[in-house]
Each structure stands twice: as C-alpha cells, then as structure tokens.
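Structural description and commentary
Here are the chains, one letter per residue:
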Amino acid sequence: PDSSDLDAAAMFVYRTQAAKLEEVKPVLLWLYDVHRQLPDDQRRRSLAAVESWLMRRALLRLPTNDLGRTVSLLVDHLNSGDPTLAGQRTEEFLGRQRRRGTYWPGDDQLRREIPSMPAYRRYPRSLLRMFLETVEDAERGFGREQVTRSGMRIPRNTMAIEHLLPQRWRANWAVDGGLAAEIRRDEHLHRLGNLTLLTTSLNSTVSNAPWHGASGKRAALHKHDVILLNRRIRDEAQTAWAEDDIDDRTQRMLESLLRVWPVPEGHEGAYDDGQIMNDETIGLRDLLAAGAVTLGAPLVGRIDSSH
C-alpha cells in the first residue's frame, strides 16, 4: 500500500481521481506548464482553490455536468491576465460563480448539511475512503500547509471502511426509548462520524459485537491503533458509543475537512441560479461563467428607455 508523502499536485490528482473528476486536468496542465514561469506560492494557491472548490462540491454531492465548461473558462481567465497572480485570480474567478452547477460552497452550508447526511449511502466508496483518509492525514499533521509531520500518511485506497455502531446493531446494541430511539439510531448509522478506516475488514462476528468485552468492538479497534482516528475513538468512548458520540465526531471530522479545503476569508458560497448579484462591471466572460449566456447564442442590443 502506498503511504508515501505526495506533493500538492500529486495529491490533487489522487483526490480528483477518487472523486472521478477528470474534467479538471486542463487547469492542472496550465499551472504546471514548464514554459509558464509561475511563482510557486501562486501555483500552490491556485491548485488549493480548485481542490477546495471541487471537494466541497463533492462533499455536498452537487452536480458535475458544468465543471468541464467552468474549468475551460477558468483557463481562459488565467490566460487573459497576469500569471504571477494566478492564485489570486483563481480564487476570484471561483468565488464569482453563482450557479448551482458551479458555485464554491461556503462553511455555513457544509455545517448545515453534512452532519445529518447518510455519508455511507451518499458517497461512492472511493470518494468516502478518500474523505476518511484526508481526516486521518490531518490527524497525523499533514494539513493543507503540511507544517508538521507525524510519521507517514495513511495508505491510500486500500483501507476497509467500517461502521462503529454496526449496521446490525439490534442484536447487541439495545437502545432505551422505544421506536423513537430506534429511529434516531438508524438515522445516525451511516453518518460520517460513525465511519472509520481499518487495515482489514472486521469479520461479521466482531463487527456486530457489543462495544465492550475482550471480543468487543472497542477491543478490535485497539488492534488498529496505528490509525489515529481509531485511537481517538478508543480513548474518548470509554463506556459506550452512541448517537451523541457520532454527532460530536461528525462535527470534528467536518471541521478538519474545512481546514484542509478552506475558502477565502469572507467567502459565503451562495448561489442564485445564474443571477449575478454585485455592482461590478460585467463582461461577456463573466456572463458565460455564470451561465447567463451560452456560446453561440445571439445577442441583441437594446436601448434602455427607463432613464
């Protein structure tokens, strides 16, 4: 299994492949064109902005059919300006997107929607595994800036995804409170905070076992304590693993992902179905990017008689 460190470009490729977002290759090629002398900090800033844009949309399972066109417009935008400001120009371009098919989600929306999302059912396995790997790497000190180090990265694309509260919880995980409590438990079952990575899949006996005991779930996690996600669970959930624990862990994991894939300060990430809502001068490129006009559409001039 590959647990080597990767530079920003290689990690970008791995993550976009896990998300099946091949449409973004043109911007990667533009940024790393050997004939284009970009400052390293601007190249990293541009790549980080594109990755954040893509991964935040992937977290929310937003449409991808407009991404190829938007990437093409981004490359055109970068070609039309100062390459030494590529990072800043990328952030500005993506921050102006206002259509549901292209906007850059902000923190507030992710904090509203991800905690209650049934992640195990919503995400393809390769994408879900990559999200969990990203949280684990952040636990190990491999953040966006990679300032600290803690051993090596988690092996990529090999770990088994495991439910902490088992899918067949009724056998050994009784809950008090009748039907309402059972419904609440089922609602938490597939959430991000109830999922972890293991070096090997637990067999069904251990996977559905009670939390405590020599053959219980907590003891099984101890065998995988090289993974920090599991060490934290084992240390913090001393007596039980229940819905409140899942909620708390989901929030922590989400905040970790938001730090890995940040947005510019002040970015809200709202969309308005193509209506451009600012007082800046609007050019044809902006109209195309916002989807207000399409390539080949006839444009007819009109005198405004309202003044």
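Structure report, in brief.

**Here we look at the overall build of the protein chain**
For the protein chain, the helix and strand inventory stands at 14 helices and 2 strands. Taken across its 307 residues, the protein chain has 48% of its residues classed as buried. In the protein chain, once contacts between residues fewer than 6 apart in sequence are set aside, the share between residues at least 24 apart is 73%. When the accessible surface of the protein chain is summed, it comes to about 15700 Å², and 49% of that surface belongs to carbon and sulfur atoms.

**Examining helix α4 (residues 67–79)**
The end-to-end C-alpha separation of α4 is 18 Å, in line with the 18 Å expected for 13 residues at 1.5 Å each. Among the residues making up α4, those that are buried are Leu-67, Thr-70, Val-71, Leu-73, Leu-74, Val-75, His-77 and Leu-78.

**Topic: helix α8 (residues 125–139)**
When the terminal C-alpha atoms of α8 are compared, their 21 Å separation across 15 residues agrees well with the 21 Å that a helix rising 1.5 Å per residue should span. Taken across its 15 residues, α8 has 11 buried, putting it largely inside the fold. When we look at burial in α8, the residues that qualify are Leu-127, Leu-128, Arg-129, Met-130, Phe-131, Leu-132, Glu-133, Thr-134, Val-135, Glu-136 and Asp-137.

**Quick word on the pairing of strand β1 (residues 160–163)**
The side chains of a regular strand alternate between the sheet's two faces. The alternating pattern of β1 places Ala-160 and Glu-162 and Ile-161 and His-163 on opposite faces, both of which are buried. Strand direction decides the pairing type here: β1 and strand β2 (residues 195–198), joined by 4 bridges, are antiparallel. Looking at β2, one finds that His-163 is bridged to Leu-195.

**Things to note about the packing of helix α9 (residues 178–188) against helix α13 (residues 243–260)**
It is the contact of α9 with α13, at a shortest axis distance of 10 Å, that shows an interaxial angle of 30 degrees. Between α9 and α13, the angle falls in the class roughly parallel. Here α9 runs over α13; the crossing is left-handed. The segment α9 lies against α13, with Arg-184, Arg-185 and His-188 engaging Glu-243, Asp-244, Ile-246 and Asp-247. Its residues assigned to classes, the contact of α9 with α13 comprises 1 nonpolar, 1 polar and 5 charged.

**Re the packing of aromatic side chains**
For the structure shown, the criterion picks out 5 aromatic pairs. On the basis of an interplanar angle of 40 degrees and a centroid distance of 4.7 Å, the ring pair of Tyr-103 and Tyr-271 is categorised as tilted. Placement of the pair is Tyr-103 in the loop between α5 (86–95) and α6 (107–113) and Tyr-271 in the loop between α13 and α14 (284–290), with a sequence separation of 168 residues. Judged by relative accessible area, Tyr-103 falls into the buried class, the value being 1%.

**Regarding the environment of Trp-241**
With respect to the secondary-structure elements, Trp-241 resides in the loop between α12 (228–236) and α13. If we skip the residues at most four places from it in the chain, Trp-241 touches Leu-164, Leu-165, Trp-173, Gly-193, Asn-194, Trp-211, Ile-233, Ile-246 and Arg-249. Within polar-contact distance, the side chain of Trp-241 engages the side chain of Asn-194 at 3.0 Å.

**Brief notes about the pattern of salt bridges**
Scanning the model with the defined rule gives 22 salt bridges in all. In this structure, Arg-184 engages Asp-247 in a salt bridge whose closest nitrogen and oxygen atoms are separated by 3.9 Å. A residue pair is termed long-range when its members are at least 10 positions apart, and Arg-184 in helix α9 and Asp-247 in helix α13 qualify at 63 residues.

**So, the nonpolar core**
Grouped together as the largest cluster of nonpolar side chains are 62 residues, with contacts concentrated most on Leu-54, Tyr-123, Leu-128 and Phe-131. In terms of residue count, the dominant contributor to this core is helix α3 (residues 40–59) (8 residues). Leave out the neighbours within four places in its chain, and Leu-128 touches Ala-119, Tyr-120, Tyr-123, Ile-161, Leu-192 and Leu-195. Core analysis: the second largest hydrophobic core is formed by 14 residues, Ala-220, Ala-237, Trp-241 and Ile-246 among them.

**What about the environment of Asp-41?**
Along the chain, the position of Asp-41 falls in helix α3. When its relative accessible area of 43% is taken as the criterion, Asp-41 is described as partly exposed. When the C-alpha positions of Asp-41 and Thr-84 are compared, they lie 9.4 Å apart, and in sequence the two are 43 residues distant.

**Points about the side chain of Arg-140**
Relative to the helices and strands, Arg-140 resides in the loop between α8 and β1. Using a relative accessible area of 8% as the deciding quantity, one classes Arg-140 as buried. Within the structure, Arg-140 has its side chain in polar contact with the backbone oxygen of Arg-153 (distance 3.4 Å).

**Focus: unusual backbone geometry**
For Lys-20, which is not glycine, the phi dihedral falls at a positive 55 degrees. Residue class for Lys-20 comes out exposed when judged on its relative accessible area of 61%.

Rules used throughout
- Residues numbered from 1 in each chain as written.
- Predicted model: local features only at pLDDT ≥ 70, side-chain atom pairs only at ≥ 80, totals over all residues.
- Heavy atoms only, no water.
- Helix = DSSP H or I, 4+ residues; strand = E, 2+ residues; numbered from the N terminus.
- Buried < 20%, exposed > 50% of the residue type's maximum accessible area, 1.4 Å probe, protein only.
- Contact = heavy atoms within 4.5 Å.
- Areas by Shrake-Rupley, 256 points an atom, 1.4 Å probe, with all protein chains shown as cover.
- Expected span 1.5 Å × (residues − 1).
- Pairing = 2+ DSSP bridges.
- Axes fitted to C-alpha atoms, helices over the stretch in contact; angles between N-to-C directions.
- Parallel < 35°, antiparallel > 145°, perpendicular 65-115°, else oblique.
- Left-handed = near helix turned anticlockwise from the far one by under 90°.
- Nonpolar A, V, L, I, M, F, W, Y, C, P; charged D, E, K, R; others polar.
- Phe/Tyr/Trp six-rings, centres within 6.5 Å; stacked < 30°, edge-to-face > 60°.
- Polar contact = N/O pair within 3.5 Å; in protein donor to acceptor, adjacent residues only side chain to side chain.
- Salt bridge = Lys/Arg side-chain N within 4 Å of Asp/Glu carboxyl O.
- Core = buried A, V, L, I, M, F, W, Y, C linked by side-chain atoms within 4.5 Å.

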